[in-house]
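# A look at the structure
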4 protein chains.
Amino acid sequence: VTPDDGDDPRTLTLDDFPVTWAVTTRWADNDMFGHLNNAVHYELFDTAINGWLVAETGVDPVTSPTPGVVAESGCRYLAELGFPEPLTVGLAVTRLGRSSVTYQLGLFASEQPGGTAAAVGHWVHVYIDRDTRRPTAIPDGLRSAMQRALVTRA
Amino acid sequence: VTPDDGDDPRTLTLDDFPVTWAVTTRWADNDMFGHLNNAVHYELFDTAINGWLVAETGVDPVTSPTPGVVAESGCRYLAELGFPEPLTVGLAVTRLGRSSVTYQLGLFASEQPGGTAAAVGHWVHVYIDRDTRRPTAIPDGLRSAMQRALVTRA
Amino acid sequence: VTPDDGDDPRTLTLDDFPVTWAVTTRWADNDMFGHLNNAVHYELFDTAINGWLVAETGVDPVTSPTPGVVAESGCRYLAELGFPEPLTVGLAVTRLGRSSVTYQLGLFASEQPGGTAAAVGHWVHVYIDRDTRRPTAIPDGLRSAMQRALVTRA
Amino acid sequence: VTPDDGDDPRTLTLDDFPVTWAVTTRWADNDMFGHLNNAVHYELFDTAINGWLVAETGVDPVTSPTPGVVAESGCRYLAELGFPEPLTVGLAVTRLGRSSVTYQLGLFASEQPGGTAAAVGHWVHVYIDRDTRRPTAIPDGLRSAMQRALVTRA
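For clarity, every value in this text was computed on a predicted model and none was experimentally measured. (Residues numbered from 1 in each chain as written. Chains lettered and ligands numbered in written order. Predicted model: local features only at pLDDT ≥ 70, side-chain atom pairs only at ≥ 80, totals over all residues. Heavy atoms only, no water.)

Time to look at the relation of the copies chain B and chain A. Taken as rigid bodies, chain B and chain A are interconverted by a rotation of 180° and an axial shift of 0.0 Å, the fit giving an RMSD of 0.0 Å. Both chain copies can therefore be described as sitting about a two-fold axis. Taking C-alpha positions as the reference, the residue of chain B nearest the rotation axis is T24 of chain B, at 2.9 Å. A symmetric contact is evident, with 100% of the interface residues of chain B recurring at the interface of chain A. (Least-squares fit on C-alpha atoms with pLDDT ≥ 70 in both. Contact = heavy atoms within 4.5 Å.)

A few words now on the sheet that holds strand β5 (residues 119–127) of chain B. What the ten strands build is an open sheet, ordered β1(B)-β3(B)-β4(B)-β5(B)-β2(B)-β2(D)-β5(D)-β4(D)-β3(D)-β1(D); its pairing is antiparallel. The open sheet has two edge strands with one neighbour each: β1 (19–23) of chain B together with β1 (19–23) of chain D. Averaged over all pairs of adjacent strands, the angle between their axes in this sheet comes to 25°, without regard to strand direction. Of the pairings in the sheet, the one linking strand β2 (residues 68–77) of chain D to strand β5 (residues 119–127) of chain D comprises nine bridges and is antiparallel in character. (Pairing = 2+ DSSP bridges. Helix = DSSP H or I, 4+ residues; strand = E, 2+ residues; numbered from the N terminus. Axes fitted to C-alpha atoms, helices over the stretch in contact; angles between N-to-C directions.)

Once that is clear, we can look at the relation of the copies chain A and chain C. For the match of chain A to chain C, the screw axis carries a shift of 0.0 Å, the RMSD comes to 0.0 Å, and the turn is 180°. A shared binding surface is used by both copies, with 100% of the interface residues of chain A retained as interface residues in chain C.

Looking now at the interface of chain A and chain C. At the interface, 26 residues of chain A touch 26 residues of chain C. On the chain A side of the interface with chain C, the three residues burying the most area are F33, N38 and Y77 of chain A, jointly 23% of the side's total. R133 of chain C is the salt-bridge partner of E80 of chain A, the closest N and O atoms lying 3.1 Å from each other. Taken together, the connections running from chain A to chain C amount to 13 residue pairs in polar contact (both at pLDDT 80 or more). Mapped onto the side of chain A that touches chain C, the elements with two or more residues apiece are α1 (38–57) and β2 (68–77) of chain A. (Buried area = accessible area lost by both parts, 1.4 Å probe. Salt bridge = Lys/Arg side-chain N within 4 Å of Asp/Glu carboxyl O. Polar contact = N/O pair within 3.5 Å; in protein donor to acceptor, adjacent residues only side chain to side chain.)

Turning next to the state of the cysteines. Taken as a whole and judged by the stated rule, the model has zero disulfides over all chains. In this structure C75 of chain D is not part of a disulfide, and its nearest cysteine sulfur, from C75 of chain B, lies 13 Å away. (Disulfide = S-S within 2.5 Å.)

Under the counting rule described, the total for this entry stands at 19 aromatic pairs over all chains. Between F33 of chain A and W27 of chain D, the ring centres sit 5.5 Å apart and the planes meet at 55°, which makes this aromatic pair tilted. Within this pair, whereas F33 of chain A is found in the loop between β1 (19–23) and α1, its partner W27 of chain D is found in the loop between β1 and α1 (38–57), the two belonging to separate chains. Here a set of aromatic residues connected by ring pairs shows up, and it is made of Y42 and F45 of chain A together with Y42 and F45 of chain C. Directly above the ring of F17 of chain A sits R153 of chain A, whose terminal nitrogen or CZ lies 5.2 Å from the centroid. (Phe/Tyr/Trp six-rings, centres within 6.5 Å; stacked < 30°, edge-to-face > 60°. Lys NZ or Arg CZ within 6 Å of the ring centre and 35° of its normal.)

Position of N38 of chain D relative to the elements: it lies in helix α1. A residue is classified by how much of its surface remains accessible, and N38 of chain D, at 5% relative accessible area, is buried. Within the structure, N38 of chain D has its side chain in polar contact with the side chain of D46 of chain B (distance 3.0 Å). Setting aside its immediate chain neighbours within four residues, N38 of chain D contacts Y42, D46, V70 and W123 of chain B together with Y77 of chain D. (Buried < 20%, exposed > 50% of the residue type's maximum accessible area, 1.4 Å probe, protein only.)

A separate point is the interface of chain B and chain A. Between chain B and chain A, the residue contacts involve 19 residues of the former and 19 residues of the latter. Where chain B abuts chain A, roughly 1500 Å² becomes buried across the two surfaces, and 62% of that area is made up of carbon and sulfur atoms. Looking at the side of chain B facing chain A, the largest losses of area belong to T24, R26 and W27 of chain B, adding up to 45% of the total buried there. On the surface where chain B and chain A come into contact, there are four salt bridges. Close ionic contact of R26 of chain A with E43 of chain B constitutes a salt bridge, the shortest N to O distance being 3.2 Å. At the boundary of chain B with chain A, the tally comes to nine residue pairs in polar contact (both at pLDDT 80 or more). Residue assignment for the side of chain B that touches chain A shows that the elements contributing at least two residues are β1 and α1 (38–57) of chain B. Sorting elements by how many residues they give to the side of chain B that touches chain A places α1 of chain B first, with eight residues. Grouping the amino acids of the side of chain B that touches chain A by side-chain chemistry returns ten nonpolar, five polar and four charged. (Nonpolar A, V, L, I, M, F, W, Y, C, P; charged D, E, K, R; others polar.)

Moving on, we come to the pairing of strand β4 (residues 100–109) of chain D. Within a regular strand, the side chains alternate between the two sheet faces. Residue and element names in this part refer to chain D. Taken across its ten residues, β4 has ten buried, putting it largely inside the fold. Along β4, one buried face is formed by S100, T102, Q104, G106 and F108 and the opposite face, lined by V101, Y103, L105, L107 and A109, is buried too. Here nine bridges tie strand β3 (residues 87–96) to β4, and the two strands are oriented antiparallel to one another. Counted as the bridge partner of G90 is G106 from β4.

Here the structure, examined in full by the defined rule, presents 20 salt bridges over all chains. Residues joined in a network through salt bridges with shared partners are R26 of chain A together with D29 and E43 of chain B.

Moving on to the pairing of β2 of chain A. Buried residues dominate β2 of chain A, accounting for eight of its ten residues. Pairing of β2 of chain A with strand β2 (residues 68–77) of chain C involves five bridges; the strand directions are antiparallel. When the bridges of β2 of chain C are listed, C75 of chain A appears paired with S73 of chain C.

A few words on the sheet that holds strand β1 (residues 19–23) of chain C. Ordered in space as β1(A)-β3(A)-β4(A)-β5(A)-β2(A)-β2(C)-β5(C)-β4(C)-β3(C)-β1(C), the ten strands form an open sheet in which the pairing is antiparallel. The open sheet has two edge strands, β1 of chain A together with β1 of chain C, and neither has a second partner. Along the sheet, successive strands turn relative to each other by an average axial angle of 25°, direction set aside. In this fold helix α2 (residues 140–148) of chain A packs onto β3 (87–96), β4 (100–109) and β5 (119–127) of chain A, with an angle of close to 110° to the strand it touches most, β3 of chain A.

Here we take up the environment of A92 of chain A. Residue and element names in this part refer to chain A. Along the chain, A92 falls in strand β3. Using a relative accessible area of 0% as the deciding quantity, one classes A92 as buried. With 48 residues separating them along the chain, A92 and D140 place their C-alpha atoms 18 Å apart. The residues contacting A92, other than those within four sequence positions of it, are F17, P18, T102, Y103, Q104, A149, V151 and R153.

Now the structure itself:
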């Protein structure tokens, strides 16, 4: 099993995600195969997570004394996407620990509401003390936002 | 003088551009200085030009027998921009030749309507025959769209 | 368990990989935290896999009638890397099926020979028929190269 | 005339540049046309300038009290380049002022020594005081390196 498991990710729709985040695609996102390059999915997941956290909490991830750093990421690619399509990221928290949080992310073609995810990923942020670089407790403001996005996957 | 010249680019507002195109920024767009990396401006200009041409004409730049290739680009950076700000690209055609078109582009913080451009660039596309790679006439459908975006800069 | 499991990935050195591939880093690779952005790791893995396959087999992935598309990718981030460091990707095939291949990838600071991996990832390519988009057998030339990179992880 | 002018840039070879800097290309650098995306040229110019400055002077551009920020950039695209080709950036200083420096940059296919530039660009860095954000004198260590790369273009 992989961290994406539980419900079959191929059946996930945007309704399965507490948070949705709209993003635009770029000409340069498409690679030689004419579709969204696989690394772009991670740029979009990162953008949704950080954009949502900033909007919800006002915490600046760069100046925070306890930044979150990426410990692990992964993605399953289920269908092709590409510029110029606008996309929507679905975001859910699937595990919330003392110093780490795991997100599940879905990537959807915005113009196909109700459709299933074209990609499903996971993402682990570990919060660390800026100076000691050791794991530290997730700050309360961030934790509250994460709890509002918490879901249980079968 | 540079191709950006004419009106002082520092005074341009979005009202000076016949076409506006909304784009989103990404976490990874910001570089070590915490602002939009200079190369990202070109990704956004490219996205606005191609996104607008596809929307206006339906011509697929990849399968077209006469694709437009970039012959020259340039940008002046006037103010800092950065994730998570949404941005708007202003687009104008400043020169329309037989086989080449020159765009002027402005990059604006979407949340400051009426503000002056944070960056002003130019862009030259040359249309070529896919097989011979020689310059060829801009197809009529594209030319019509370009004419609608044509402006005269002092 | 994840597809990265088996030997503890934190102990892997470049000697554990049959193929090594040198890459350079870029100013824009570093994000606001001043280290290599997490999505860049995937760009480098992709570059090593495709660069090595092209060099070994001469097969052009773009014009091939049976291209390999990414079905899954993942990465664990173990230590910070960043521009201007040159990096080395270690590559091993850990599973070779009829139509799919799984790679394990390590990312190493080139200037610390003998050091352990700063990141360890996995990558699944599925070979498909260009027209039907259905999985197809990996072509013989590619399969031979993959077999030479095949390892057994405990 | 543009800042690229003077000698016809189409005749420049690597011998015309006091500094050369090797870079690698990536799978994702190629866009839908199968060649190096136009914005990648700027990532490589930035990498050569900053990589060379760090190597020559040891000055960390991020923590420096007087960082250099990009005021202007531009590129003329003369020939196609693309992954998996290794490339070489040629770098020359063409103007050295009190607080600003102008570079000319050439991009070359490494495997065609003696060939002419596939792209020629220019780049203006302005050094500013980190706190006041006002232009300030280029620090002596950097200025010495820049003087060693100074050329006169006809």
